[in-house]
Amino acid sequence: SGALNLDNVRLTAAVSNGAVVYMTGDTLTITDSRIDDNPGVGVFINGTDPIADIRNTVVSENHSSNDGGGIVSAGTLRMVNVTISGNDARLNGGGMRVSGPTELYNVSIIDNVADSDANDSGDGGGLSVDVGATLLIANSLIANNSDASVTTQIADCMGTLNSLGHNLVEDATGCTISGFSSNL
């Protein structure tokens, strides 16, 4: 517990397959940073108490043996000008999985993979939003993600996205997009 502020750092090539950044309480701020090429989840916000703010950051090439290759969040998460790319998860949310209140502004979620072991146990290659979670999204791109499942494939997103407008979702199979209709 306690506040954690990461500014202009690179967290790469961890030796453990656990989360590179693991937060259980208080606040997390990541700014102007890069979290990449790790054998575990890039950022894990565990529990409903933490509040995280991620800005001007790249989360890429992280590999989860569970959910959310790039980011897993059960707490409150706000992301601005973030790229989530090239991550994979054996289960849901290759790029990210969220179960708490989440806001995405100017976020690109591209080239991520769910169900990376192709055993039909994961969906939402780019983004997985749990039932009951609230996700607001504006000026964002979710594209070119994949689901390696053999049967049903839900490539870009799974769950409900509450659009504030100006979003591009390449493949909305598995998503419910509500709110403003200025989406592509």
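Since the structure is predicted, the reported quantities are computational estimates derived from the model, not experimental observations.

Concerning the overall build of the protein chain
Then comes step 1: Looking only at helices and strands, the protein chain has 0 helices and 20 strands in total.
Then comes step 2: Its C-alpha atoms give the protein chain a radius of gyration of 15 Å, near enough to 16 Å, the size a compact globule of 184 residues would have.
Then comes step 3: When each of the 184 residues of the protein chain is scored for burial, the buried share is 47%.
Then comes step 4: Summing over all exposed atoms, the protein chain offers an accessible surface of approximately 7700 Å²; the carbon and sulfur share of this is 49%.
Then comes step 5: For the protein chain, the centre of its 6 positive side-chain charges and the centre of its 21 negative side-chain charges are spaced 7 Å apart.

So, the layout of surface pockets
Then comes step 1: In this structure, the largest pocket spans a volume of roughly 200 Å³.
Then comes step 2: Lining the largest pocket are 18 residues, with Val-41, Phe-44, Asn-66, Asp-67 and Val-72 sitting closest to its centre.
Then comes step 3: Elements with a minimum of two residues in the lining of the largest pocket: strand S8 (71-73) and strand S11 (96-98).
Then comes step 4: Of the residues belonging to the lining of the largest pocket, the class tally is 6 nonpolar, 9 polar and 3 charged.

Focus: the side chain of Ser-128
Then comes step 1: Tracing the backbone through its elements, the reader meets Ser-128 in strand S14 (residues 127-129).
Then comes step 2: Sequence-distant contacts of Ser-128, defined by excluding residues within four places in its chain, comprise Asn-92, Gly-93, Met-96, Arg-97, Val-98, Asp-123 and Met-158.

Quick notes on the rules
- Residues numbered from 1 in each chain as written.
- Predicted model: local features only at pLDDT ≥ 70, side-chain atom pairs only at ≥ 80, totals over all residues.
- Heavy atoms only, no water.
- Helix = DSSP H or I, 4+ residues; strand = E, 2+ residues; numbered from the N terminus.
- Rg over C-alpha atoms; globule rule 2.2 N^0.38 Å.
- Buried < 20%, exposed > 50% of the residue type's maximum accessible area, 1.4 Å probe, protein only.
- Areas by Shrake-Rupley, 256 points an atom, 1.4 Å probe, with all protein chains shown as cover.
- Lys, Arg positive; Asp, Glu negative; His and termini not counted.
- Charge placed at Lys NZ, Arg CZ, Asp CG, Glu CD.
- 1 Å grid on protein atoms, 1.4 Å probe; cavity = no way out; pocket = protein on both sides within 12 Å on 5 of 7 lines; lining within 4 Å.
- Points joined across faces, edges and corners; volume = space filled by probe spheres on them.
- Nonpolar A, V, L, I, M, F, W, Y, C, P; charged D, E, K, R; others polar.
- Contact = heavy atoms within 4.5 Å.

Any functional reading would require information that these geometric values do not contain.
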